[in-house]
Amino acid sequence: MNRSKYLPLTETTYLILIALIEPGHGYLIMQKVEELSDGNVRIAAGTMYGAIDNLMKLKWIKSVPSDDARRKVYQITDAGMDILKEETNRLRSMISIADSLHL
Amino acid sequence: MSKERIVIHKIFIVDIEKEEHFIDSYREKGYKLQYVNNNTFKYIFTKCQDAFIPKVRIDYRTFSKKEEYDDYLTMYEDAGWKHIRGSQNSGVHYFEQMTPNTTEELFSDKQSYAELYKRLFGYSISGLSLCVIMLCILQTQFNTTLFTNPKKLFFTPGIWDLNGSKFAYAFLFELSFVIFRNIWTFLIIIALILFIVCAIKCKKKQKQYQASL
C-alpha cells in the first residue's frame, strides 16, 4: 500500500487528532494536548484556530452539535481515524528499529 | 520625569511583527497600550505601575458568520487573550494577555505565520481588484482620459508647446489643478499602489516562513 502523502504528521497534528477521539472545543483540545505531551507541546490560540481550520478542510475532523452556543465542538472523523492509525503504525515501525538496536 | 500618556501616529504596512515590536518597545519602558485605531494609525500608551503589563498581539481574519466570530473570540478568551480591537469584518484584531500565564505569542509555529501572511495577501489582492474595477468605472462613466490620452486632462491652451523651465513651471502649476479635478482617480491610484506593495510584502513574508519550515 502506498503511504499517504500527508505522513509523517507533525507532533501537533498527531496530538490534536488523539485529543479529538473524544469530542471537544478548541481550548479543551489545547489543554488536552498540553497534558498528553507532559507540557512539552503548548499550542497557542492562533495556531489552534488555524489547525482546526486545516483539519476541517482535510475532513479529518468534523463539527458536532453541542449545548454550548459560543464554542464549536469537534470530533475526529473516520478518515481522520485512518490517518491516525497509519501514522501510529509508521511510528511503531520506527520504534521497533530503535528497539532492535537496543537504543 | 517620563510622560503619563503618549499619543503616536504610525503607519505599518501589513508588517504585523514590526507593529508588535513597536508596541512591545513601549511595554518595556512601562507603558500599556490604552487605545489603538488601525484606521487612523493612532496609538495611545499610558504609564502603568502594575507588575504585569500585558503583551499585545495582532491577528488577521474575517468571518462570514456571526457564530464563527463568536467561536473565535471565545476560544482566544479561553486561552487568555482579551480582544481589544476589531470586529467581524475588520480583518485586523488586537488582543492583550489576560494573565502572565498566557502564551507569549498568538502563534506557536512557523506555519501559522505563513498562513497569516497568506490571508493578508488575499486581502491585498481583493483590495487591489476593487481599485482596478473602480478605475475602469471612472474611465468609462466619467470619461477620464488618464490612461488613453493624459494630455487632454490639461485644459490650458498651448501648454504642450512650451519648453525648458517655462514648461516645467507651467506643467507643475497646472498639474495641481489636474489632480484636483480628478481627485478620486488619483486617490484610487494611490490605494492601488499601496495594495500592490502590501501584496508583494505579504508574499515575500509568506515564502520566508514557508522556506523555514
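These numbers were taken from a predicted model, which means no experiment stands behind them. (Residues numbered from 1 in each chain as written. Chains lettered and ligands numbered in written order. Predicted model: local features only at pLDDT ≥ 70, side-chain atom pairs only at ≥ 80, totals over all residues.)

Undergrad: Would you mind showing me how to read the pairing of strand β3 (residues 73-76) of chain A here?
TA: Regular strands show a simple pattern: their side chains alternate between the two faces of the sheet. Residue and element names in this part refer to chain A. Here β3 shows a clear split, with Tyr74 and Ile76 buried on one side and none of Val73 and Gln75 buried on the other. In terms of strand pairing, strand β1 (residues 24-25) meets β3 through two bridges, oriented antiparallel. For Gly24, the partnering residue across the bridge sits in β3 and is Tyr74. Of the pairings in the sheet, the one linking strand β2 (residues 61-64) to β3 comprises four bridges and is antiparallel in character. Bridging from a neighbouring strand, Ile61 pairs with Ile76 of β3. (Buried ≥ 20, exposed ≤ 12 C-beta atoms within 10 Å, placed from the backbone. Helix = DSSP H or I, 4+ residues; strand = E, 2+ residues; numbered from the N terminus. Pairing = 2+ DSSP bridges.)

Undergrad: I would appreciate a short explanation of the environment of Lys205 of chain B in the present structure.
TA: Among the structural elements, Lys205 of chain B can be located in helix α5 (residues 183-211). Taking C-alpha positions, Lys205 of chain B is 8.9 Å from Asp15 of chain B, a pair spaced 190 residues apart along the chain.

Undergrad: Which parts of the structure should I look at to understand the packing of helix α1 (residues 11-19) of chain A against helix α2 (residues 26-36) of chain A?
TA: Geometrically, a packed helix pair is captured by the angle between its two axes and the distance between the axes. All names here are of chain A. At a minimum axis distance of 9 Å, the contact between α1 and α2 shows a crossing angle of 110°. In terms of orientation, α1 lies roughly perpendicular with respect to α2. The interaxial crossing formed by α1 with α2 has right-handed handedness. Contacts between α1 and α2 involve Leu15, Ile16, Ile18 and Ala19 from the first element and Ile29, Lys32, Val33 and Leu36 from the second. (Axes fitted to C-alpha atoms, helices over the stretch in contact; angles between N-to-C directions. Parallel < 35°, antiparallel > 145°, perpendicular 65-115°, else oblique. Left-handed = near helix turned anticlockwise from the far one by under 90°. Contact = placed C-beta atoms within 7 Å.)

Undergrad: Please explain the packing of α2 of chain A against helix α3 (residues 45-57) of chain A as it appears in this structure.
TA: Residues and elements named next belong to chain A. The geometry of α2 relative to α3 is characterised by a closest axis approach of 10 Å and an angle of 105° between their N-to-C directions. Compared by their axis directions, α2 and α3 come out roughly perpendicular. Each of Gly26, Ile29 and Met30 in α2 lies in contact with α3, whose residues at this interface are Met48, Tyr49 and Ile52.

Undergrad: Can you walk me through the nonpolar core in this structure?
TA: Ranked by internal contacts, the top residues of the largest apolar core, which has 55 residues, are Ile16, Leu20, Ala45 and Met48 of chain A. Counting residues per element, this core draws most heavily on helix α3 (residues 110-141) of chain B, at seven residues. Formed jointly, this core draws a minimum of three residues from each of two domains, domain 1 (5-97) and domain 2 (110-211) of chain B. Not counting residues up to four positions away in its chain, the partners in contact with Ala45 of chain A are Met75, Tyr76, Ala79, Trp81 and Leu106 of chain B. (Core = buried A, V, L, I, M, F, W, Y, C linked by C-beta atoms within 7 Å. Domains from an automatic or database assignment.)

Undergrad: Help me out: how do you make sense of the confidence of the model for chain B in this one?
TA: Predicted coordinates in regions of low pLDDT should not be interpreted in detail. Across chain B, the average pLDDT comes to 89, with 96% of residues at 70 or higher. Interface confidence in the predicted complex, given as ipTM, is 0.90; pTM for the same model is 0.86. (pLDDT = per-residue confidence, 0-100.)

Undergrad: When you look at the pairing of strand β6 (residues 91-97) of chain B in this model, what are you seeing that I'm missing?
TA: Residues and elements named next belong to chain B. With six bridges joining them, strand β4 (residues 56-61) and β6 adopt antiparallel strand pairing. The residue of β6 that forms the bridge with Arg61 is Gly91. Sheet topology places strand β5 (residues 81-85) next to β6; four bridges connect them, and they run antiparallel. Within the sheet, the bridge partner assigned to Lys82 lies in β6 and is Glu96. Once β5 ends, the chain turns through five residues before running back antiparallel as β6, passing Gly86 with a positive phi of about 135°.

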